[in-house]
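Each chain, letter by letter, is given below.
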Amino acid sequence: MQRSAVSRARKTFAVAGVAVLALLTGACSGNDSTQVAPVAVTQEDLTQLPEANTFGTVTGAPTDPQAAAGAAAGKVLHPKSDLVVYAGVGGKPIAKLPSIQMGSPTWVPVVAEQGEWAEVLLPTRPNASAGWVHVPEGAAETAQNDYAVQVDRASFRLQILENGKTTGSWTIGTGKPEHPTPAGRAYIIASIEETKNTYSPIVLPLSYHSDSLETFGGGPGTVGLHTWPNDSFVGKANSDGCIRVPQDALEQLVKLPLGTIVNIT
């Protein structure tokens, strides 16, 4: 009886020892991707990275994983200072995300999270670019955005959604065949009081760019939401790629938070 007890104790200890060893091995293996540290970037390195704004182009950026998934509200992020954008969690630095762009604070949609890492949509060329930022506590502000915008080019229809429910719907104008409004999951990047042109008191530039125009009006071909002096645009494809909306639609659109998704189908 005494030998059996000792034998059982040895077996129990052996099993426990294996379990402890497995725990220690797992803890030291580096497989916990939520704790992956970012690649170190010096101040000099930071100055060499392209800026992730509407004027920039970021090569090597991942593509929005749900570019064609449809409008969706969700988390948005505002960097308190320039954030390095990486190609993946712990991956290569590819750009820097500024805290302010086009005179407005930078707010970008968060499309995935992994520990202290967030995948965000970028406002650069090529369209549908995304990237990962490392955001330990204090590096950025976050907020929940309950709004989204749905644009249907075929029916010339724009809808504002709140928590998935339509709060407003308008007939709009879109890009002409030679300069079509690009499809995809864009978002509002800024709100600009227009001083050069008289066609719209406020323009809401989006994160997407024209696929047919490299530049337009001295800018980088950024697609925007704006009004028009008359109703000749209603239900027609006659713009150079921008989305023309009625005045009452713009009055509601300007109330939406920056970073609001604009899904164009």
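Everything here concerns the structure above.
Conventions adopted
Residues numbered from 1 in each chain as written. Predicted model: local features only at pLDDT ≥ 70, side-chain atom pairs only at ≥ 80, totals over all residues. Heavy atoms only, no water. 1 Å grid on protein atoms, 1.4 Å probe; cavity = no way out; pocket = protein on both sides within 12 Å on 5 of 7 lines; lining within 4 Å. Points joined across faces, edges and corners; volume = space filled by probe spheres on them. Helix = DSSP H or I, 4+ residues; strand = E, 2+ residues; numbered from the N terminus. Nonpolar A, V, L, I, M, F, W, Y, C, P; charged D, E, K, R; others polar. Phe/Tyr/Trp six-rings, centres within 6.5 Å; stacked < 30°, edge-to-face > 60°. Buried < 20%, exposed > 50% of the residue type's maximum accessible area, 1.4 Å probe, protein only. Polar contact = N/O pair within 3.5 Å; in protein donor to acceptor, adjacent residues only side chain to side chain. Contact = heavy atoms within 4.5 Å. Pairing = 2+ DSSP bridges. Axes fitted to C-alpha atoms, helices over the stretch in contact; angles between N-to-C directions. Salt bridge = Lys/Arg side-chain N within 4 Å of Asp/Glu carboxyl O.

Once that is clear, we can look at the layout of surface pockets. Think of a ball as big as a water molecule: rolled over the atoms, this probe shows where empty space is left. Size it by volume and the largest pocket reaches roughly 800 Å³. Around the largest pocket, the lining is made up of 29 residues, and of these Glu194, Asn197, Tyr199, Phe216 and Gly217 lie nearest the centre. When residues in the lining of the largest pocket are grouped by element, the largest group, four residues, is from strand S17 (residues 222–226). Of the residues contributing to the lining of the largest pocket, the split by class is twelve nonpolar, twelve polar and five charged.

This next bit is on the packing of aromatic side chains. With the rule as written, the count across this model stands at two aromatic pairs. When the centroid spacing of 5.4 Å and the interplanar angle of 75° are considered together, the rings of Tyr86 and Trp117 count as edge-to-face. Taken together, the residues Tyr86 in strand S2 (residues 83–86) and Trp117 in strand S7 (residues 117–121) connect sequence positions 31 residues apart. A relative accessible area of 4% places Tyr86 in the buried class. Here Tyr199 and Trp228 contribute two aromatic rings whose centre-to-centre distance is 5.6 Å and whose plane-to-plane angle is 35°, an arrangement assigned as tilted. Linking Tyr199 in the loop between strand S15 (192–193) and strand S16 (202–209) with Trp228 in the loop between S17 and strand S18 (237–239), this pair joins segments that are 29 residues apart in sequence. Residue Tyr199 is classed as partly exposed on the basis of its relative accessible area, which comes to 23%. Judged by relative accessible area, which is 29%, Trp228 ranks as partly exposed.

Looking now at the side chain of Asn53. By secondary structure assignment, the location of Asn53 is in the loop between helix H2 (43–48) and strand S1 (74–79). At 2.9 Å, the side chain of Asn53 and the backbone nitrogen of Phe55 are in polar contact. Contacts of Asn53, omitting those with residues within four sequence positions, involve Gln101, Pro123 and Thr124.

The strands making up a sheet associate through backbone hydrogen bonding, with each pair oriented either parallel or antiparallel. As summarised here, the arrangement of the seven strands in space is S3-S2-S8-S7-S6-S1-S9, forming an open sheet in which the pairing is antiparallel. A strand with exactly one partner marks an edge of an open sheet, and here the two such strands are strand S3 (93–97) and strand S9 (140–145). On average, each strand axis in the sheet is inclined to that of its neighbour by 40°, with strand direction left out of account. As paired elements, S7 and strand S8 (residues 130–134) share five bridges and run antiparallel to each other. Bridging across to S8, Trp117 finds its partner in His134.

Moving on: the pattern of salt bridges. Applying the stated rule across the entire model yields three salt bridges. Arg185 serves as the salt-bridge partner of Asp64, at 2.7 Å between the closest nitrogen and oxygen. Of this pair, Asp64 sits in the loop between H2 and S1 while Arg185 sits in strand S14 (residues 184–187), and the two are 121 residues apart along the sequence. Considered together, Asp64 and Arg185 belong to a single accessibility category, that of buried residues. Across the pair Glu113 and Lys75 runs a salt bridge whose closest N-O atoms are separated by 2.9 Å. You can see Glu113 sitting in strand S6 (residues 108–114) and its partner Lys75 sitting in strand S1, a full 38 residues away along the chain. Residue classification places Glu113 among the exposed residues on the basis of a relative accessible area of 51%. For Lys75, a relative accessible area of 31% corresponds to the partly exposed category.

A few words now on the sheet that holds strand S11 (residues 157–162). The strand order S12-S11-S10-S20-S14 describes an open sheet built from five strands, whose pairing is mixed. Of all the strands in the sheet, the pair left with one neighbour each is strand S12 (165–171) and S14. In this sheet, adjacent strand axes meet at a mean angle of 20° when their direction is disregarded. Judged from the four bridges that link them, S14 and strand S20 (residues 261–264) form a sheet pairing that is antiparallel. What sits directly across from Ala186, in S20, is Val262.

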